[in-house]
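Chains, contacts and geometry: an overview
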Amino acid sequence: DTSGTDELGTLARSFAYMRDQVQQKIEELQQLNAELDQRVEARTAEVVRQKYILDTFMATVPDLIYFKDRDSRITRANKAHGQHMGVLDPNQEIGKTDFDFFPEQDAQRRYEQEQEVMQTGNSLIGIEERLQLPDGRIEWVLTTKMPLRDEHGEIIGIFGISRDITPLKHTEEALRFAKEGAEQAQK
(Lines give C-alpha, C1' and ligand atoms only; values in the text may rest on other atoms or scores of the structure.)
Protein backbone atom coordinates (compact mmCIF):
# COMPACT_ATOMS: atom_id res chain seq x y z
CA ASP A 1 0.00 0.00 0.00
CA THR A 2 1.67 3.23 -1.16
CA SER A 3 -1.01 5.66 0.10
CA GLY A 4 0.68 5.86 3.53
CA THR A 5 3.98 6.63 1.84
CA ASP A 6 2.32 9.31 -0.31
CA GLU A 7 0.73 10.82 2.78
CA LEU A 8 4.07 10.81 4.60
CA GLY A 9 5.73 12.41 1.56
CA THR A 10 3.02 15.09 1.40
CA LEU A 11 3.31 15.67 5.12
CA ALA A 12 7.13 15.84 4.88
CA ARG A 13 6.90 18.33 2.01
CA SER A 14 4.39 20.41 4.01
CA PHE A 15 6.67 20.42 7.05
CA ALA A 16 9.66 21.30 4.86
CA TYR A 17 7.68 24.17 3.30
CA MET A 18 6.59 25.40 6.75
CA ARG A 19 10.19 25.09 8.00
CA ASP A 20 11.42 27.16 5.05
CA GLN A 21 8.70 29.77 5.66
CA VAL A 22 9.52 29.96 9.38
CA GLN A 23 13.24 30.23 8.58
CA GLN A 24 12.50 33.05 6.10
CA LYS A 25 10.38 34.89 8.70
CA ILE A 26 13.13 34.45 11.30
CA GLU A 27 15.67 35.94 8.89
CA GLU A 28 13.32 38.84 8.12
CA LEU A 29 12.78 39.45 11.84
CA GLN A 30 16.54 39.33 12.46
CA GLN A 31 17.04 41.91 9.69
CA LEU A 32 14.28 44.12 11.15
CA ASN A 33 15.81 43.73 14.61
CA ALA A 34 19.23 44.78 13.28
CA GLU A 35 17.67 47.83 11.58
CA LEU A 36 15.77 48.69 14.76
CA ASP A 37 18.99 48.39 16.79
CA GLN A 38 20.69 50.81 14.38
CA ARG A 39 17.79 53.26 14.63
CA VAL A 40 17.74 53.07 18.43
CA GLU A 41 21.51 53.58 18.54
CA ALA A 42 21.29 56.60 16.20
CA ARG A 43 18.36 58.08 18.15
CA THR A 44 20.13 57.52 21.47
CA ALA A 45 23.21 59.29 20.12
CA GLU A 46 21.02 62.19 18.96
CA VAL A 47 19.28 62.46 22.36
CA VAL A 48 22.67 62.43 24.12
CA ARG A 49 23.88 65.14 21.73
CA GLN A 50 20.77 67.28 22.33
CA LYS A 51 21.08 66.83 26.11
CA TYR A 52 24.72 67.90 25.93
CA ILE A 53 23.76 71.02 23.95
CA LEU A 54 20.98 71.90 26.42
CA ASP A 55 23.23 71.25 29.43
CA THR A 56 25.98 73.42 27.90
CA PHE A 57 23.46 76.16 27.17
CA MET A 58 22.06 76.01 30.71
CA ALA A 59 25.54 76.07 32.24
CA THR A 60 26.94 78.97 30.23
CA VAL A 61 24.10 81.44 29.64
CA PRO A 62 24.36 84.24 32.20
CA ASP A 63 20.60 84.92 32.11
CA LEU A 64 18.36 83.27 34.69
CA ILE A 65 16.67 80.25 33.10
CA TYR A 66 14.06 78.05 34.72
CA PHE A 67 11.37 75.51 33.93
CA LYS A 68 8.29 75.04 36.11
CA ASP A 69 5.47 72.50 36.17
CA ARG A 70 1.75 73.33 36.14
CA ASP A 71 1.86 74.03 39.89
CA SER A 72 4.73 76.53 39.36
CA ARG A 73 7.23 74.20 41.03
CA ILE A 74 10.75 74.51 39.64
CA THR A 75 11.69 71.42 37.64
CA ARG A 76 14.99 72.70 36.27
CA ALA A 77 17.08 75.84 36.56
CA ASN A 78 20.48 76.98 35.45
CA LYS A 79 23.39 77.91 37.70
CA ALA A 80 22.77 81.65 37.25
CA HIS A 81 19.19 81.22 38.47
CA GLY A 82 20.38 79.19 41.45
CA GLN A 83 22.92 81.82 42.43
CA HIS A 84 20.26 84.51 42.05
CA MET A 85 17.99 82.54 44.39
CA GLY A 86 20.77 82.08 46.94
CA VAL A 87 21.61 78.41 46.42
CA LEU A 88 24.93 76.96 45.30
CA ASP A 89 23.44 74.13 43.28
CA PRO A 90 20.36 74.79 41.11
CA ASN A 91 19.18 71.25 41.93
CA GLN A 92 18.38 72.60 45.41
CA GLU A 93 15.57 74.61 43.77
CA ILE A 94 13.80 71.59 42.29
CA GLY A 95 10.31 71.14 43.70
CA LYS A 96 10.24 74.60 45.24
CA THR A 97 8.10 77.57 44.21
CA ASP A 98 8.59 81.31 44.33
CA PHE A 99 6.83 81.24 47.71
CA ASP A 100 9.98 79.53 49.05
CA PHE A 101 12.18 82.43 47.91
CA PHE A 102 10.22 85.69 47.66
CA PRO A 103 7.91 87.72 49.88
CA GLU A 104 4.27 86.58 49.66
CA GLN A 105 3.07 89.46 47.48
CA ASP A 106 5.89 89.06 44.92
CA ALA A 107 5.48 85.28 44.82
CA GLN A 108 1.70 85.59 44.36
CA ARG A 109 2.12 88.03 41.46
CA ARG A 110 4.59 85.71 39.74
CA TYR A 111 2.34 82.68 40.35
CA GLU A 112 -0.64 84.48 38.79
CA GLN A 113 1.45 85.45 35.74
CA GLU A 114 2.52 81.83 35.26
CA GLN A 115 -1.01 80.51 35.64
CA GLU A 116 -2.16 83.02 33.02
CA VAL A 117 0.52 81.78 30.61
CA MET A 118 -0.52 78.17 31.15
CA GLN A 119 -4.25 78.88 30.88
CA THR A 120 -4.08 81.05 27.76
CA GLY A 121 -1.04 79.57 26.05
CA ASN A 122 0.19 83.13 25.45
CA SER A 123 3.70 84.22 26.35
CA LEU A 124 4.46 87.20 28.56
CA ILE A 125 7.39 89.05 27.00
CA GLY A 126 9.59 91.78 28.42
CA ILE A 127 8.08 92.11 31.90
CA GLU A 128 10.11 94.43 34.13
CA GLU A 129 10.07 92.94 37.60
CA ARG A 130 11.36 94.35 40.85
CA LEU A 131 12.43 91.48 43.06
CA GLN A 132 13.41 91.30 46.67
CA LEU A 133 15.89 88.44 46.75
CA PRO A 134 16.17 85.94 49.59
CA ASP A 135 19.21 87.81 50.94
CA GLY A 136 17.18 91.08 51.05
CA ARG A 137 18.76 92.76 48.01
CA ILE A 138 16.49 94.45 45.50
CA GLU A 139 17.10 93.64 41.86
CA TRP A 140 15.34 94.35 38.61
CA VAL A 141 14.95 91.73 35.89
CA LEU A 142 13.49 91.73 32.41
CA THR A 143 11.50 88.50 32.16
CA THR A 144 9.87 86.45 29.45
CA LYS A 145 7.58 83.54 30.36
CA MET A 146 6.37 81.07 27.75
CA PRO A 147 4.22 77.96 27.86
CA LEU A 148 6.16 74.70 27.97
CA ARG A 149 4.54 72.04 25.82
CA ASP A 150 4.98 68.29 25.57
CA GLU A 151 5.33 66.30 22.35
CA HIS A 152 1.53 66.38 21.90
CA GLY A 153 1.30 70.16 22.21
CA GLU A 154 -0.23 70.04 25.70
CA ILE A 155 0.93 72.73 28.12
CA ILE A 156 2.83 71.06 30.95
CA GLY A 157 4.36 74.11 32.58
CA ILE A 158 6.31 77.23 31.77
CA PHE A 159 9.76 78.21 30.63
CA GLY A 160 11.16 81.48 31.86
CA ILE A 161 14.22 83.54 31.19
CA SER A 162 15.17 86.70 33.04
CA ARG A 163 17.98 89.18 32.49
CA ASP A 164 19.30 91.20 35.39
CA ILE A 165 18.76 94.87 34.48
CA THR A 166 19.64 96.29 37.90
CA PRO A 167 22.63 98.28 36.57
CA LEU A 168 20.40 99.76 33.86
CA LYS A 169 17.78 100.76 36.46
CA HIS A 170 20.49 102.39 38.62
CA THR A 171 21.69 104.34 35.56
CA GLU A 172 18.10 105.41 34.77
CA GLU A 173 17.70 106.58 38.37
CA ALA A 174 20.99 108.52 38.27
CA LEU A 175 19.95 110.17 35.01
CA ARG A 176 16.56 111.10 36.47
CA PHE A 177 18.24 112.66 39.52
CA ALA A 178 20.69 114.51 37.27
CA LYS A 179 17.84 115.80 35.10
CA GLU A 180 15.87 116.91 38.17
CA GLY A 181 19.00 118.61 39.52
CA ALA A 182 19.59 120.39 36.20
CA GLU A 183 15.93 121.53 36.10
CA GLN A 184 16.19 122.83 39.68
CA ALA A 185 19.42 124.69 38.81
CA GLN A 186 17.73 126.33 35.80
CA LYS A 187 14.86 127.56 37.98
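Rules and cut-offs
- Residues numbered from 1 in each chain as written.
- Predicted model: local features only at pLDDT ≥ 70, side-chain atom pairs only at ≥ 80, totals over all residues.
- Heavy atoms only, no water.
- Pairing = 2+ DSSP bridges.
- Helix = DSSP H or I, 4+ residues; strand = E, 2+ residues; numbered from the N terminus.
- Axes fitted to C-alpha atoms, helices over the stretch in contact; angles between N-to-C directions.
- Contact = heavy atoms within 4.5 Å.
- Polar contact = N/O pair within 3.5 Å; in protein donor to acceptor, adjacent residues only side chain to side chain.
- Salt bridge = Lys/Arg side-chain N within 4 Å of Asp/Glu carboxyl O.
- Buried < 20%, exposed > 50% of the residue type's maximum accessible area, 1.4 Å probe, protein only.

**Some details on the sheet that holds strand β4 (residues 138–149)**
With respect to topology, 5 strands assemble into an open sheet ordered β2-β1-β5-β4-β3, the strand pairing being antiparallel. Looking along the sheet, the strands with just one partner apiece sit at the ends: β2 (74–77) and β3 (124–132). Within the sheet, the average angular offset between the axes of one strand and its neighbour, ignoring direction, is 30 degrees. Together, β1 (64–69), β3, β4 and β5 (155–164) form the strand contacts of helix α3 (residues 104–120), whose direction differs from that of β3 by roughly 165 degrees.

**Digging into the side chain of Glu 114**
With respect to the helices and strands, Glu 114 occurs in helix α3. Within the structure, Glu 114 has its side chain in polar contact with the side chain of Ser 72 (distance 2.9 Å). Side-chain polar atoms of Glu 114 contact the side chain of Lys 145, separated by 3.4 Å. Beyond its immediate sequence surroundings of up to four residues, Glu 114 is in contact with Tyr 66, Lys 68, Ser 72, Asp 98, Lys 145 and Ile 158.

**What about the pattern of salt bridges?**
A full pass over the atoms with the stated rule returns 20 salt bridges. Put simply, Glu 28 and Lys 25 hold a salt bridge, and the shortest N to O gap is 3.8 Å. Taken together, the residues Glu 28 and Lys 25, both in helix α1 (residues 3–60) and 3 residues apart, mark about one turn of the helix. Of the residues examined, Glu 28 reaches a relative accessible area of 36% and is grouped as partly exposed. A relative accessible area of 48% means that Lys 25 is categorised as partly exposed. With a closest N to O distance of 2.5 Å, Arg 137 and Glu 139 form a salt bridge. Residue classification places Arg 137 among the partly exposed residues on the basis of a relative accessible area of 39%.

**Comments concerning the environment of Asp 69**
In this fold, Asp 69 is placed in strand β1. A sequence separation of 42 residues divides Asp 69 from Glu 27, and the C-alpha atoms of the two residues are 47 Å apart. Apart from the residues lying within four places of it in its own chain, the contact partners of Asp 69 are Thr 75, Met 118, Ile 156 and Gly 157. Within the structure, the side chain of Asp 69 is placed 2.8 Å from the side chain of Arg 73, a separation counted as a polar contact.

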